[in-house]
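Structure at a glance
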Amino acid sequence: MNNLKLFKIVTLLSLLLAANVSFANGVLKGRVIDNEQHPLPAATVIVVGSENNVTIADNEGYYTLTQIPNGEQEIKISYLGFANQTIKVTINENQTTELNVTMQPDDVLLDGVEVSGRISDRAKALNVQKENLQVSNVVSSDQVDRFPDANIGDALKRLPSINVQYDQGEARFVNIRGTSAEYANVTINGSQMASAEGETRAAQFDLIPSDMIKTIEVDKVTTPDMDGDAIGGAVNLVTRGNPTDQSFFISLGTGYNQISGKATLKGSAIYANRFMDGKLGMTLSASVYDNPGGSDNHEVEWAYDEKDVDNDGSTDDLFAKEIQIRQYYVERLRQSYSASFDYKFNADNKIELKAIYNDRKDWENRYRTIEKYKDSKDKWYVTKEVKAGVEDNKYARLEHQRLYDISLKGEHQIGKSELKWKVSTKGASEKRPNERYLAYEGKVSNDDVTLDLSSTKEPMLTATDAIQQQIETFSADFYDFDELTEEEKETTEKDYSGKIDFKMPLMSGDFSNKIKIGAKVKYKDKDRNNDFYNYTPLDKNAFNANSFASANIKNQTRDGFMSGDYTNGDFVSKEYVGDLDLDNKTLFQKDQVPEELAENYNATEMVSAAYLRFDQKLGEQFDAMVGVRFEQTHNEYEGMIYDNSYVEDDDDTNDDLALQSTGTKTKDYLNVLPSILLRYRPIKNFNVKASFTQTIARPRYFDLVPFQAIEHDGSELNLEMGNPDLEATTSSNFDLMAEYFLPNIGVLSGGVFYKDINDIIIDKTLKDQTINGQEYHKVEQRVNGGDGILVGFELAYQQQLTFLPGFLKQMSAYVNYTHNYSEINNFEYDGREDEKLSMPGTPENTLNASLMYDNDKISTSISYNFAGSFIDDFGDEAMEDRYYDKVNYLDFNFDWRFYKGMTFSASINNILNQPLRYYQNDKNYTMQAEYYGTTFSCGLKYKF
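Residues numbered from 1 in each chain as written. Predicted model: local features only at pLDDT ≥ 70, side-chain atom pairs only at ≥ 80, totals over all residues. Heavy atoms only, no water.

**Some details on the overall build of the protein**
The helix and strand inventory of the protein stands at nine helices and 50 strands. Its C-alpha atoms give the protein a radius of gyration of 30 Å, within 12% of the compact-globule value 30 Å for 944 residues. In terms of principal-axis extent, the alpha carbons of the protein reach across some 95 × 65 × 55 Å. By the burial criterion, 57% of the 944 residues in the protein qualify as buried. Surface exposure of the protein reaches about 37,500 Å², of which carbon and sulfur atoms provide 50%. (Helix = DSSP H or I, 4+ residues; strand = E, 2+ residues; numbered from the N terminus. Rg over C-alpha atoms; globule rule 2.2 N^0.38 Å. Buried < 20%, exposed > 50% of the residue type's maximum accessible area, 1.4 Å probe, protein only. Areas by Shrake-Rupley, 256 points an atom, 1.4 Å probe, with all protein chains shown as cover.)

**Observations concerning the pattern of salt bridges**
Counting across every chain of the model gives 75 salt bridges. Ionic pairing is found between glutamate 727 and lysine 667, a salt bridge with its closest N-O pair at 3.5 Å. With glutamate 727 in the loop between strand 37 (716-721) and strand 38 (729-742) and lysine 667 in strand 34 (residues 659-680), this pair connects stretches of sequence that are 60 residues apart. Assessed through its relative accessible area of 36%, glutamate 727 is described here as partly exposed. (Salt bridge = Lys/Arg side-chain N within 4 Å of Asp/Glu carboxyl O.)

**Some thoughts on the packing of aromatic side chains**
Taken as a whole, this structure holds 33 aromatic pairs when the rule is applied. Seen from their ring centres, tyrosine 601 and tyrosine 637 are 6.5 Å apart, and the 25° between their planes marks the pair as stacked. Note that tyrosine 601 is positioned in strand 32 (residues 601-618) and tyrosine 637 in strand 33 (residues 622-643), a separation of 36 residues in sequence. We note that tyrosine 601, like tyrosine 637, is buried. In this structure an aromatic cluster arises from ring pairing among Tyr440, Phe474, Phe478, Tyr479, Phe481, Tyr535, Phe543, Phe548, Tyr576 and Phe588. The aromatic ring of tyrosine 918 is capped on one face by arginine 882, whose charged end is 5.1 Å from the ring centroid. (Phe/Tyr/Trp six-rings, centres within 6.5 Å; stacked < 30°, edge-to-face > 60°. Lys NZ or Arg CZ within 6 Å of the ring centre and 35° of its normal.)

**A few points about the confidence of the model for the protein**
With 94% of its residues at a pLDDT of at least 70, the protein reaches an overall mean of 89. In this model, residues 19-23 is a region of pLDDT below 50 whose contacts with residues beyond four sequence positions or in other chains number eleven contacts. (pLDDT = per-residue confidence, 0-100. Contact = heavy atoms within 4.5 Å.)

**Remarks on empty space enclosed by the protein**
All chains considered together, the criterion is met by ten cavities of 30 Å³ or more. What lines the second largest cavity is a set of 14 residues, among which Ala184, Asn185, Gln192, Arg201 and Asp229 lie closest to the centre. Counting residues per element, the lining of the second largest cavity draws most heavily on strand 12 (residues 184-188), which supplies three residues. Considered class by class, the residues forming the lining of the second largest cavity number six nonpolar, three polar and five charged. (1 Å grid on protein atoms, 1.4 Å probe; cavity = no way out; pocket = protein on both sides within 12 Å on 5 of 7 lines; lining within 4 Å. Points joined across faces, edges and corners; volume = space filled by probe spheres on them. Nonpolar A, V, L, I, M, F, W, Y, C, P; charged D, E, K, R; others polar.)

**Side note on helix 6 (residues 540-547)**
Those residues of helix 6 not exposed but buried are Phe543, Asn544 and Ser547. Seen from one end, helix 6 has its buried residues packed into an arc of 100°, which puts them on one side. (Arc of directions from axis to C-beta.)

**Some words on the nonpolar core**
Trp380, Leu438, Tyr440, Tyr479, Leu484 and Phe543 are the most contacted members of the largest nonpolar core, which totals 42 residues. Per-element accounting of this core gives the leading share, five residues, to strand 19 (residues 318-346). If near-sequence neighbours (up to four positions away) are discounted, tyrosine 479 is found in contact with Val382, Lys384, Tyr440, Glu441, Gly442, Gln470, Ile471, Thr473, Phe474 and Phe548. If you look at the next biggest cluster of nonpolar residues, it comprises 39 residues, including Leu159, Ala203, Phe205 and Tyr884. (Core = buried A, V, L, I, M, F, W, Y, C linked by side-chain atoms within 4.5 Å.)

**Brief notes about the environment of aspartate 392**
Within the fold, aspartate 392 resides in the loop between strand 21 (379-388) and strand 22 (397-414). Among the residues examined, aspartate 392 registers a relative accessible area of 75% and is labelled exposed. As for aspartate 392 and glycine 578, which are separated by 186 residues in sequence, their C-alpha atoms are 9.2 Å apart.

**A word on a nonpolar patch on the surface**
A cluster of nonpolar residues, Leu284, Phe341, Leu353, Ile406, Leu408 and Val423, forms a patch on the protein surface that exposes about 430 Å² of accessible area. Assignment of secondary structure puts leucine 353 in strand 20 (residues 349-374). (Patch = residues over 30% accessible without salt bridge, like charges linked within 9 Å, V, L, I, M, F, W, Y side chains within 5 Å.)

**Observations concerning the sheet that holds strand 15 (residues 233-239)**
Spatially, the five strands line up as an open sheet ordered 9-14-15-12-13, and their pairing is mixed. Looking at which strands have only one partner, the edges of the open sheet turn out to be strand 9 (136-140) and strand 13 (191-192). In terms of strand pairing, strand 12 meets strand 13 through two bridges, oriented antiparallel. Bridge pairing in strand 13 places isoleucine 188 opposite serine 191. (Pairing = 2+ DSSP bridges.)

**Concerning the environment of isoleucine 231**
Structurally, isoleucine 231 is set in the loop between strand 14 (213-219) and strand 15. Under the relative-accessibility criterion, isoleucine 231 is labelled buried at 1%. Distance from isoleucine 231 to threonine 693, taken between C-alpha atoms, is 9.4 Å for residues 462 residues apart in sequence. For isoleucine 231, the residues in contact, after removing those within four places along its chain, are Thr179, Tyr183, Thr695, Ile696, Ala697, Thr729, Thr730, Ser731, Asn733, Lys755 and Ile757.

**So, the pairing of strand 35 (residues 686-697)**
Relative to strand 35, strand 34 runs antiparallel, the two being bridged by six bridges. Along strand 35, the bridge assignment pairs arginine 679 with lysine 689. Between strand 34 and strand 35, which pair antiparallel and follow one another directly, the connecting turn spans five residues, one of which, asparagine 685, has a positive phi of 65°. By the bridge criterion, twelve bridges tie strand 35 to strand 38 in an arrangement that is antiparallel. Opposite alanine 690, over in strand 38, you have leucine 736 as the bridge partner.

Structure representation (structure tokens):
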């Protein structure tokens, strides 16, 4: 079966079925909203007297009921936290009747507590969780707004079983249920999010600001009509759309960054309205965030002490072979714009166009001191390196990432059946133009310095006053030119997809059921095209004289440096590096570095999918779903082969042979992914959910590139290579969850999960291998390195504390805890097969706790987030394993609604000044510690 047959077959079957469907009785459609004209997702709509003829509204509040008997019927609408409504409506045979419903808060249910907008939004999120067949969590925009979260990743970290990894003070990658970030499927409005990264499939959450998303849906259990590549779970980011009436919102704010000492600026605006007698809806949104920040950082490389370098009388201890002191200054400008248009032709037909564009620019300067011990020379080498860019890029390295997503979808009621279709185009890119590095190096005898390991978290190289002065002061007396480079980086991805879904009810009554079939095609084209040049001054003396001129030197020791008692000292200025005329052939010799081009590649990927889903009610208390999804994958990858022997020989005519194309390598495979989901409701508002699903995770992009990097190192020959034959990682998932929804807008839930994961992909190093007739001393490659299990449980409690006296009844509590355990079996790593190892990305414990207060004027919250340490990457031996350290975050947010539609907002982020920290094998041996400081912000919001 070729790659498009699945899609064609299901499409044809859907259209044939749709063409032959006739009405059975009547159809009722409409929308459920609250008293502020906001949609109520997952509202329950029931035909009274036929309680098994029930439907659940979608995330925009739209619902459809079919097979309703003709004549006058009573329709009951219920919603957690709102008063039930019963409405009479007349149903006509072979017709669709519209009924729109406005719900009112249930004051009795809430014991007299006024339902603010924030409480109402929590009720919406809980209703979706309650009515979903699968295990899920939902975060609404107003819930996001109550925490001081700059991007979507920061908001997600507050959900059960989720932890995040940081970059420059913001959450970038998200881990769900103790799995790697690459095991999560991230979509925007249901379409898989494009990636600006050239290496990984993991979605970058710091590209999208939190104020651009209406709802975040996290499904920890997938269904057949969802993409199958979601071992950890699926995250769907829903942008704003489908307004009920006119609304306008604007927010302006500022803040203070502790590292840069500069002000942050942010603003957002939303306008929505309906036109043409309500047929046409429009929503426009924009967000801008400018944060001049940075970080204080030190990094360490540890090795076994073979020469007693630290003079402690031992040669078998770890010693700090390399210490780096890094000062970062980063300005992050993030812009996001979205638009949504929906048009309703009639009760049975509507279409919707959604688009979002995200643009993030990071201007980064890095001043790095590297202190490295070289065994062969028994000396410490000290390097001063500056990362900068040209004047047009503010003399900084510019990382410019873009992400866009455009989709058009239609929904059509055909008799009692529903046909949906969707086409989308999306893309992402990353450009780093004119990225420049200038490095100077000096050296000092091991006898003149002392390696202080009294704190292995902050090891330090100390020296006599005279030597220390030389190290800190950038002058020709100690430093000499080492390297000057410029690099151009560009990664692009373009995605196209189309899908069709057909749903038809079969039986009604106590044992009602429905069938859903569909197909989807996704096509991806990904390119990485980097270029790298090395520059040698033709007049080294003149170049050094300019570099060491006092006008071109600046001290980069920041007062209050947080990452240890380190001194960075003097560096050449970013302006000096950026203004160098590198294309002037009378000043510099320009040489392309083919080794850096070896990681360029072109890749295409097509995934064709088809599914069958069957939902069956088993009386009033049981619901079941069985289904299967088929995903056919076709890959085409082309990379480069680099051989440094052609560069190092004396014959310049052979340089072109150093870099050659691999040609195109292809791979095809089919995954069959069955699933079974069950739900039991023994009493009202109590769910027990159980499921079995199978999911996959495709290999990272660059892992599949058939590249080779051949290095001749003296008498040794080493090889680093890609692996186009990698198998996708697969997982069998078992879940059991119990949820009790409390009457005063709350939930108490607990559950267990188990994942049996096969073909985990790891980095593997082999010694003395023969490949294609050539002997290599060392071969490095990504391989399917074993299987694993992951088991865990999660507990969650959320409630409006109406049982407290007086004003305290306006308080809410939110707590969740997750425990994970994982291990790898059949680990295929020489010398480590018998070790007990956990899977990368699995923290043993995560905890979230929030205390909130809401009344008609004030909303405030304090929130705490904890995630335990976990292994991030394996080394050749346990001593080389890298761990992501535990984190403790404390944040505070305050809103004061002081006038009609006007709100003053203030927040404090990272109160505990939690660093990003990696350690090597043992928590006391720091590999990286990066501090961002505490940030403060405040602003005004206006809404009408």
